[in-house]
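Each chain, letter by letter, is given below.
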Amino acid sequence: MLWLQTFGGPIVFDDEGQPKLAAAQRRNLGLLSVLAVAGLGGLSRDKIIGLLWPEVSAKRARHSLTQALYAARKSLGSDYLVEGIEDLRLDPQEIQTDLAAFEAAMQQGDDEAAARLYRGPFLDGFFPPTPVFERWLDGQRAGFEERAVSVLKRLAECAVLAADHAKAVEWLRELAAIRPGNSAITVQLMQALAASGDTHAALQRAQLYTKIRRDDFELDADPAVVKFAEGLRKSASRVLVPDPPAPASEVFHLSAAASSTPGEAQGADPNQQSGAIVLKTEVTGYRYRGQSRRRRVLTLSATVLAAMAILLFNRQSSPTLPVFSSSILVAPFRVISEDPALAYLREGMVELLSTHLADDSAAPAVDAGAVLQAWRRAGLGGRSAEPVRDTVVSVAARLGAERVIVGSIVGTQKRAVVRATIVRAASGAVDGEGQVEGPIDSLTIIVDRLAAQLLAAQAGLPTPLAERTTNSVPALRAYLFAAAAYSIGDFAIAADRFERALRVDSTFAIAALRLGLTARQLHDDRLERHALALAWRHRNALTQRDSAHLTALIGPRYPELSSDAESLIAWETAVRALPARPEVLFGYAAFLAERSGYHLAAPQRERVMAALDRALALDSVFVQAHQLRLELADSAVELPPATPFLRWRLAVARADTATLARLADSLSAMGPANLRALIAASQFDGIQLEAGTRAVTVLRNRNPAADAAMDHLLAAYSFATLARDTAASSDLVRAMQRASPVTRVHLRLDVLDALYSDADSVSAAQAAHELERAIATGESIDLAADACVVGQWQITGNDTSGYRTVLNTLQSAPPTSDVHIGTAAAVCAPLLNAQYAVSTSQPNARDLVQALDTLVMTSPAAGDASVYAHIALARLHRQLGNLTPALQAIRRRPYLAGGWPRYQATAHLEEGLLAQQVGDLPGAVAAFTRYLAVRTPAADARVPVVQATRDSLANHLHGNGPIK
């Protein structure tokens, strides 16, 4: 058997490992490599000629190809090397290739095998025979390199999560060899080396990186690498615990970047890739999940990070990420049946179940053939032979398996019951059990369900998860890993793995629900809407309790808006169903707080605070619960400084400038969850706007994927709008236009900004005209989103002639739940109806506005309307002369939900004016003060209004002096 190696330089070996065809025969190697890439599908002679002989006449080229095939067969001593007449392919019985093995490993999820096969760039050192071949080679080389990088990242991620520092160093060295100038990977490798105790090697790596940057790229070293190296040097010289001591839950972990942490960069970085992973030191919370969980103490000794040499942390009630690294052996099943036709299942189940478990590379099943051979050697080949424990242990040890699946089948040719148990080979302890039944002609489905049940049971789930979720073992594996990552607060990894599970099985409803909750923790509004919409589509697969939670989150009338009363019932039902789930308690508290405009009466306040306190008792570092509690508290509450964000928020509340300065310097080291929480709090609360803006810059510099990049632009745009920085706003709108011109996000923003902020009405009119044209010509790809914006513009401008046309367009538009700056038709229609009725003084105007007022603008249903609907509603009430309902409506802004709050300044201003008009002077002062806090120009036109209101309040309080 011949072996064609293409990675790291092309060469053909015989079955004894001797080279048969080397780089000197480049045309023959090129031909074989092209066929290797084509795989079993083969490639036509014309396409091969186009690559290798593009400038030769057709006749001569075909002759040259025939000669090359003859020469390759002769050189390698195989007349059957290449199959086919017109479409040519390599005969896998004669020659195997590293490419085919690499593809097989990728398909099976065997990342380690794939990494071992990738020895270097595809056809490294190969001189292309033609320019066409060179372009083809560049594309292939880049594609394989990207796939190898993704494999190595996953391996490094798993190694770090398993605290296997040696493996982490091994895989990160491979990554660094491919991306030698990548600062993020260099820092990751240095961290892994330091964590393994080899600080000297980590410092040497920094020197090598600096030399590569200088010699190969003519660039200075990235400041992140320099700073990290300096920290290691200081730590090595001091070897002491820093002052103040590290928080109790500091942990190292990796984030996968398309949806988690891309490689951090201070600027353009050679070899920087979107989707890079970053080994980050992020303080994350560990969730308390009931009294049955034991306290675990994990000591990590390493000279790691710029400010520490030895890091000791205590993980309280923290489930670890699932690491199923040991192999598993499927023993022949016991068949209990009077029908001899079922005897094949004794050994057949070994093949079937092993195959279903083999696509899980983290816990590979021992090859079925090897198991059956070993079983027969042990004298257990007969049908009636039953396995003895000592024999099972012996066979498992011989084959390197730590766990064994034993089982039985009872039934007939028509229907059978299959039971299986996972047993630890050494101790005999049971790790999990499963039972399924069904018709024998659906045996594949039965085995799928059994494999998923065993996996769920082994993970310690109280019920057979697969029975209500997915029959896909890979999807379930990704879900379990994601759930564990979520439970320790690593939301970036959790989101990536939940998405991975859904890519395998899009009907996996519980994974979609959990992805929505994870996206909420990450303040990723668009991902939340997408995930919850998917969960709703497949909600029949959820348990009654999870379905109650989903209904509360999304609204019982989804995709339409639900009323206050309906939503309150839904949240109360969810709390009764899941009284120990922090996310449910927080959601209930957030609903009550928002619907009261954050001005809580005593009974409501007691309920909200009780729910938040209970959520925090279950999860002491639930960031959003802490934020909402701080928003509602009369004074700054004590926050556990367990995450960078919470330390920052506590420092803001205490005006601790020293801590704020230290955290500002470490923004680039924070993970996405902390950065996004900081950005959201900065905007919603009008605090530390500069830090929030810098956090956006850090995210944008990590070269995120397209969707994330657009979201980061919107976050930056929200800051610019809040501060009334028209130049920055204009630049960002143009950037959005360049990033996604066909979606017309920039046009919708232009119009909405004129409606709900103080943007230029001339450019807004032009944008509205372009949107109208796109709708009329059928060019609009986000029909409901465009029509909703156009309708609001026309009605606000007293142009009601197109009102019916817009409504008809909305009725015919597809759903827009996954659109940037988009509102679904079912949500926009009642808003436009109320605006039209008020604008044209319809007799039912008050009823329509009141009906709109009862609707809950949940982000999953309302989309972008949740950013501005409370402003629109307040204006409608004011136009009708209802000032108190208008003030209540403007105060019902969504807090920490519904996307970036780009119209928060407008809301503050209009709340202040309304409060002033109804005589709520303290409320007016508070609203005006928040307004000025987000407006950067010190001499804002509203300053005199604010001061006058303060003076009025002071006079009202019997001359106690001006209000600060």
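Residues numbered from 1 in each chain as written. Predicted model: local features only at pLDDT ≥ 70, side-chain atom pairs only at ≥ 80, totals over all residues. Heavy atoms only, no water.

**Q** Explain the overall build of the chain here, please?
**A** Per the secondary structure count, the chain includes 41 helices and 18 strands. Taken across its 964 residues, the chain has 56% of its residues classed as buried. Excluding contacts between residues fewer than 6 apart, the proportion of contacts in the chain whose partners are at least 24 apart in sequence is 63%. For the chain, the exposed surface amounts to about 39,600 Å²; the carbon and sulfur share of it is 52%. (Helix = DSSP H or I, 4+ residues; strand = E, 2+ residues; numbered from the N terminus. Buried < 20%, exposed > 50% of the residue type's maximum accessible area, 1.4 Å probe, protein only. Contact = heavy atoms within 4.5 Å. Areas by Shrake-Rupley, 256 points an atom, 1.4 Å probe, with all protein chains shown as cover.)

**Q** Sorry, what's going on with helix α31 (residues 761-777) here?
**A** A turn of α-helix holds 3.6 residues, and therefore any two residues three or four places apart point the same way. The end-to-end C-alpha distance of α31 is 24 Å, a good match for the 24 Å that 17 residues give at a rise of 1.5 Å each. Listed as buried for α31 are A764, A767, A768, L771 and A774. Mapping the buried residues of α31 onto a view down its axis gives an arc of 120 degrees, with all of them on the same face. Facing away from the buried side of α31, by more than 90 degrees, are the exposed residues V762, H769 and A776. Elements in contact with the buried residues of α31: α30 (745-756) and α32 (783-796). Two to three positions downstream of the cap, the backbone nitrogen of V762 sits 3.1 Å from a side-chain oxygen, assigning the N-cap of α31 to D760. A positive backbone phi angle near 80 degrees is found at G778, which sits one or two residues after α31. (Expected span 1.5 Å × (residues − 1). Arc of directions from axis to C-beta. Polar contact = N/O pair within 3.5 Å; in protein donor to acceptor, adjacent residues only side chain to side chain.)

**Q** Where do I start with the sheet that holds strand β6 (residues 87-90) in this structure?
**A** Strands in a sheet are paired, the pairing made by backbone hydrogen bonds, and the direction either parallel or antiparallel. The sheet built from three strands is open, its strands ordered β4-β6-β5 with antiparallel pairing. In this open sheet, the two strands that pair with only one neighbour each are β4 (43-44) and β5 (82-83). (Pairing = 2+ DSSP bridges.)

**Q** Even after reading the chapter, I still don't get the packing of helix α24 (residues 644-654) against helix α26 (residues 672-685), so can you show me in this structure?
**A** When two helices pack together, their arrangement is given by the angle between the helix axes and by the axis-to-axis distance. Contact geometry of α24 with α26 gives a least axis separation of 8 Å together with a crossing angle of 30 degrees. By the angle class used here, α24 and α26 are roughly parallel. Of α26, the residues touching α24 (which contributes P644, F645, W648 and R649) are N674, A677, L678, A681, S682 and D685. Looking at the contact of α24 with α26, its residues break down into six nonpolar, two polar and two charged. (Axes fitted to C-alpha atoms, helices over the stretch in contact; angles between N-to-C directions. Parallel < 35°, antiparallel > 145°, perpendicular 65-115°, else oblique. Nonpolar A, V, L, I, M, F, W, Y, C, P; charged D, E, K, R; others polar.)

**Q** Hey, could you run me through the packing of aromatic side chains in this one?
**A** In this description, a pair of aromatic rings is defined by centroid distance and the angle of the planes. With the rule as written, the count across this model stands at 19 aromatic pairs. Ring centres of F122 and F144 lie 5.3 Å apart, and the angle between their planes is 50 degrees; this geometry places the pair in the tilted category. Placement of the pair is F122 in the loop between α5 (111-117) and α6 (131-161) and F144 in helix α6, with a sequence separation of 22 residues. Its relative accessible area of 6% is what places F144 among the buried residues. Where F684 meets Y895, the ring centres are 5.7 Å apart and the plane angle is 75 degrees; that geometry is what we call edge-to-face. (Phe/Tyr/Trp six-rings, centres within 6.5 Å; stacked < 30°, edge-to-face > 60°.)

**Q** What exactly am I supposed to notice about the pairing of strand β15 (residues 415-424) here?
**A** Remember that side chains alternate between the two faces of the sheet whenever the strand is regular. Within β15, seven of the ten residues are buried, which leaves it mostly tucked inside the rest of the structure. As paired elements, strand β14 (residues 403-411) and β15 share nine bridges and run antiparallel to each other. Bridged to V406 within β15 is T421. Between the end of β14 and the start of β15, which pair antiparallel, lie three residues. Alignment of β15 against strand β16 (residues 430-439), held across nine bridges, turns out to be antiparallel. Residue pairing across strands places I422 opposite G432, the latter belonging to β16.

**Q** Help me out: how do you make sense of the confidence of the model for the chain in this one?
**A** Where the model shows low pLDDT, its predicted coordinates should not be examined in detail. The share of residues in the chain with pLDDT of 70 or more is 81%, and the mean pLDDT across the chain is 79. By mean pLDDT, the top-scoring element of the chain is helix α35 (residues 845-853) (95), and the lowest-scoring one is strand β11 (residues 311-315) (24). For residues 958-964, every residue scores under 50 in pLDDT, and the model assigns this stretch ten contacts once sequence neighbours within four places are set aside. (pLDDT = per-residue confidence, 0-100.)

**Q** Honestly, the environment of T809 in this entry has me stumped. Any pointers?
**A** Note on placement: T809 falls in helix α33 (residues 803-812). Spatially, the C-alpha atom of T809 lies 7.5 Å from that of L783, the residues being 26 residues apart in sequence. A polar contact of 2.9 Å, which involves the side chain of T809, links it to the backbone oxygen of T805.

**Q** Would you mind going over the pattern of salt bridges with me for this structure?
**A** Side chains bearing opposite charge may pair, as long as their charged atoms lie close to each other. Counted by the stated rule, this structure contains 36 salt bridges. Put simply, D546 and R581 hold a salt bridge, and the shortest N to O gap is 2.9 Å. One end of the pair, D546, is in helix α19 (residues 544-554); the other, R581, is in the loop between α20 (564-577) and α21 (582-595), with 35 residues separating them in the sequence. Judged by relative accessible area, which is 5%, D546 ranks as buried. On the accessibility criterion, R581 (23% relative accessible area) is partly exposed. Two residues, E910 and R875, come together in a salt bridge whose shortest N-O distance is 2.7 Å. Taken together, the residues span a long stretch of sequence, with E910 in helix α39 (residues 904-918) and R875 in helix α37 (residues 865-879) at a distance of 35 residues. When sorted by exposure, E910 lands in the same class as R875, which is buried. Residues joined by salt bridges that share partners form a network here, namely E112, R116, K167 and E170. (Salt bridge = Lys/Arg side-chain N within 4 Å of Asp/Glu carboxyl O.)

**Q** Would you explain unusual backbone geometry in this entry?
**A** Peptide bonds are trans in most cases, and residues, glycine excluded, mostly fall at negative phi. The omega torsion across Y558 and P559 is 10 degrees, close enough to zero to call that bond cis. At R744, a residue that is not glycine, the phi angle is positive and equals roughly 60 degrees. For R744, the position within the fold is in the loop between α29 (726-739) and α30. When its relative accessible area of 11% is taken as the criterion, R744 is described as buried.

**Q** Can you walk me through the pairing of β14 in this structure?
**A** For β14, the tally of buried residues reaches seven of nine residues, placing the bulk of the element in the interior. Inspection of the sheet shows strand β12 (residues 328-330) paired to β14 by three bridges, in the parallel sense. Residue pairing across strands places I328 opposite R403, the latter belonging to β14. Sheet topology places strand β13 (residues 334-336) next to β14; three bridges connect them, and they run parallel. Looking at the pairing, V335 lines up with I409 of β14.

**Q** Looking at this model, I keep getting lost on the state of the cysteines. Mind explaining?
**A** A covalent bond between the sulfur atoms of two cysteines is what we call a disulfide. Going through the model one piece at a time under the given rule, you end up with one disulfide. A sulfur-sulfur separation of 2.1 Å characterises the disulfide bridge that pairs C788 with C828. Across the S-S bond linking C788 and C828, the dihedral sits near 95 degrees, which makes this disulfide right-handed. Separated by 40 residues along the polypeptide, C788 in helix α32 and C828 in helix α34 (residues 825-839) bring together distant segments of the chain. Each member of the pair, C788 as well as C828, is classed as buried. (Disulfide = S-S within 2.5 Å.)

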